[in-house]
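What the coordinates show
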Amino acid sequence: MKHPASATPTSEAARNPFTLLEYDPIKLLNKPQKVASMFEVRDGTRDYDPLFPLSVELHLTDVCNLRCGWCTDLELRRNLASLPLATIESLFDEFAQHQVGVTIEGGGEPTVYKHFAEVVALAARHKLDIGLITNGIRPLASFANQFKWIRISMDASSAEEYVAEKGVQRYEKVRANIATLGALPDKRFLLGVGYVMTRRNTGRLLEFIEEMDAAGVDYIYLRPVEEMPDLSPDLAMLYELKSLWETTRASQRRIKVLMNLDDRIQKDNEGLPCIAHALSCVIQADGNVAMCEKRRHDPVVFGNINTQRFTDIWRGALRKDVSRRLLDPCAQRGCEVCRITKFNRYFVRLGELYTRNFI
């Protein structure tokens with residue numbers, strides 16, 4: 001099956017609503033109370049930030065219909081756990097009061113959760129902003145507009161690459177589902193594609209990006225594989241690919257490309273205090289509320305929502321203690337590459353400014 005690239009979009013209908021500000025820490029300016037509370041933690045005038053996280057990562061189930069060898073959540077998948085629907089409804093009640101965004105994602109594949117449609121309907125009833133990270137095997141068009149954004153983890157530019165990365169063959173089905181979402185006439189969500197780069201799947205990456213542009217995808221998020229270093233592509237080659245796209249093709253295409261390589265190679269939180277952990281957390285399919293998924297050397301679980309209210313967990317004694325401990329940069333030794341590092345960088349550097357009272 002051939003997937004041709006498109007011509008340069010020129011009409012207003014082809015305008016891309018996605019901008020790079022969607023992934024920029026500057027968007028925290030929209031949440032001044034949260035930022036002020038975290039600054040107080042940074043400056044030592046508050047023990048911890050009690051305000052709810054801006055967003056949470058919600059694992060509905062640990063069951064998956066793929067077999068990716070470098071799966072981030074391989075250990076969790078062995079649990080085969082799933083959250084009770086009643087627990088999710090109670091959680092959404094709390095989140096609605098605090099305008100928490102909810103990213104529905106792994107553990108396993110969220111769309112195989114038996115109550116997936118009911119979860120989407122519950123979020124709509126509570127007027128929650130929800131996003132979805134999925135492998136795209138199951139059709140989503142019927143309720144896609146309930147999401148603020150959908151990102152499909154593709155990780156392959158051909159059927160052969162797909163089998164190598166995913167362990168089963170679903171390439172054409174996923175491509176067809178992406179095309180259906182991109183062509184929806186009343187599309188009101190951002191459509192993204194996730195792409196974990198390995199030594200096996202970068203040969204025709206630029207052509208694949210153009211094919212995603214033709215399919216109506218708004219953005220593609222590229223990162224080198226972190227879970228299996230032996231499979232990671234050469235960093236110099238990735239910088240060359242990024243430069244080639246930006247200098248020769250980006251201006252002619254509607255799609256936006258995020259390849260933030262610098263943020264994907266820094267471990268140990270760059271030796272900084274971890275203040276920004278309060279921006280998010282991970283609720284796993286067994287109900288555990290984990291501080292993050294990158295602290296595998298020293299996992300922190302604040303509590304379990306099957307037996308406790310999220311409010312009590314988030315404002316509990318354990319989280320207060322952890323918040324104080326993470327102010328010591330040494331506490332982050334052993335942390336894997338983490339998207340929270342860039343937020344910590346901003347919080348710390350802003351506190352070091354000599355000219356903070358000047359524009």
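The paragraphs below set out a description of the structure included in this document. Everything quoted here is computed from the prediction, not taken from an experiment.

Relative to the assigned elements, Gly-107 resides in the loop between strand E2 (101-105) and helix H4 (116-125). Sequence-distant contacts of Gly-107, defined by excluding residues within four places in its chain, comprise His-59, Thr-61, Asp-62, Asp-73 and Arg-77.

It is worth spelling out helix H6 (residues 171-182) at this point. Between its first and last C-alpha atoms H6 spans 17 Å; for 12 residues at 1.5 Å apiece the expected length is 16 Å, and the two agree. Listed in full, the buried residues belonging to H6 are Tyr-171, Val-174, Arg-175, Asn-177, Ile-178 and Leu-181. Down the axis of H6, the smallest arc covering the buried residues is 160 degrees, so these residues share one side.

All right, on to the packing of aromatic side chains then. Counted according to the given criterion, the structure contains 14 aromatic pairs. Their ring planes at 85 degrees and their centres at 6.5 Å tell us that Phe-52 and Phe-95 sit as a pair that is edge-to-face. Of this pair, Phe-52 sits in the loop between helix H1 (32-42) and strand E1 (55-59) while Phe-95 sits in helix H3 (residues 85-98), placing them 43 residues apart in sequence. The exposure class assigned to Phe-52 is buried, which follows from its relative accessible area of 6%. Ring geometry for Phe-95 and Phe-310: centres 5.2 Å apart, planes at 80 degrees, overall edge-to-face. Placement of the pair is Phe-95 in helix H3 and Phe-310 in helix H9 (residues 310-314), with a sequence separation of 215 residues. Taken as a pair, Phe-95 and Phe-310 share a single burial class, namely buried. Ring pairing ties together the aromatic residues Phe-52, Phe-95, Phe-302, Phe-310 and Trp-314, which thus form one cluster.

The next thing to look at is the sheet that holds strand E7 (residues 256-258). Across the sheet, 10 strands lie side by side as E7-E6-E5-E4-E3-E2-E1-E8-E9-E10; this open sheet has mixed pairing. Every other strand in the sheet has two partners, leaving E7 and strand E10 (301-304) as the edge strands with one partner each. The pairing of strand E8 (residues 282-283) with strand E9 (residues 288-290) spans two bridges and is antiparallel. By the bridge assignment for E9, Ile-283 is matched with Val-289. Its contacts with the sheet place H6 against strand E4 (149-153) and strand E5 (190-197), and it is angled at close to 150 degrees to E5.

One can describe the packing of H6 onto helix H7 (residues 205-214) by two numbers: an axis separation of 10 Å at closest approach and a directional angle of 45 degrees. Overall, the two elements H6 and H7 adopt an arrangement that is oblique. Along its contact with H6, which presents Tyr-171, Arg-175 and Ile-178, the element H7 presents Phe-208, Glu-211 and Met-212. Of the residues in the contact of H6 with H7, the class split is four nonpolar, no polar and two charged.

Glancing now at the pattern of salt bridges. Two side chains carrying opposite charge are able to pair once their charged atoms lie near each other. Using the criterion set out here, one finds 23 salt bridges in the structure. Here Arg-253 and Glu-210 are joined by a salt bridge, their closest N and O atoms 3.5 Å apart. Remark: Glu-210 occurs in helix H7 and Arg-253 occurs in the loop between helix H8 (235-248) and E7; sequence separation between them is 43 residues. There is no split in this pair, since Arg-253 and Glu-210 are both buried. Shared partners join several salt bridges into a network, and the residues in it are Glu-210, Asp-213, Arg-249 and Arg-253.

Reading guide: rules and limits
Residues numbered from 1 in each chain as written. Predicted model: local features only at pLDDT ≥ 70, side-chain atom pairs only at ≥ 80, totals over all residues. Heavy atoms only, no water. Helix = DSSP H or I, 4+ residues; strand = E, 2+ residues; numbered from the N terminus. Contact = heavy atoms within 4.5 Å. Expected span 1.5 Å × (residues − 1). Buried < 20%, exposed > 50% of the residue type's maximum accessible area, 1.4 Å probe, protein only. Arc of directions from axis to C-beta. Phe/Tyr/Trp six-rings, centres within 6.5 Å; stacked < 30°, edge-to-face > 60°. Pairing = 2+ DSSP bridges. Axes fitted to C-alpha atoms, helices over the stretch in contact; angles between N-to-C directions. Parallel < 35°, antiparallel > 145°, perpendicular 65-115°, else oblique. Nonpolar A, V, L, I, M, F, W, Y, C, P; charged D, E, K, R; others polar. Salt bridge = Lys/Arg side-chain N within 4 Å of Asp/Glu carboxyl O.

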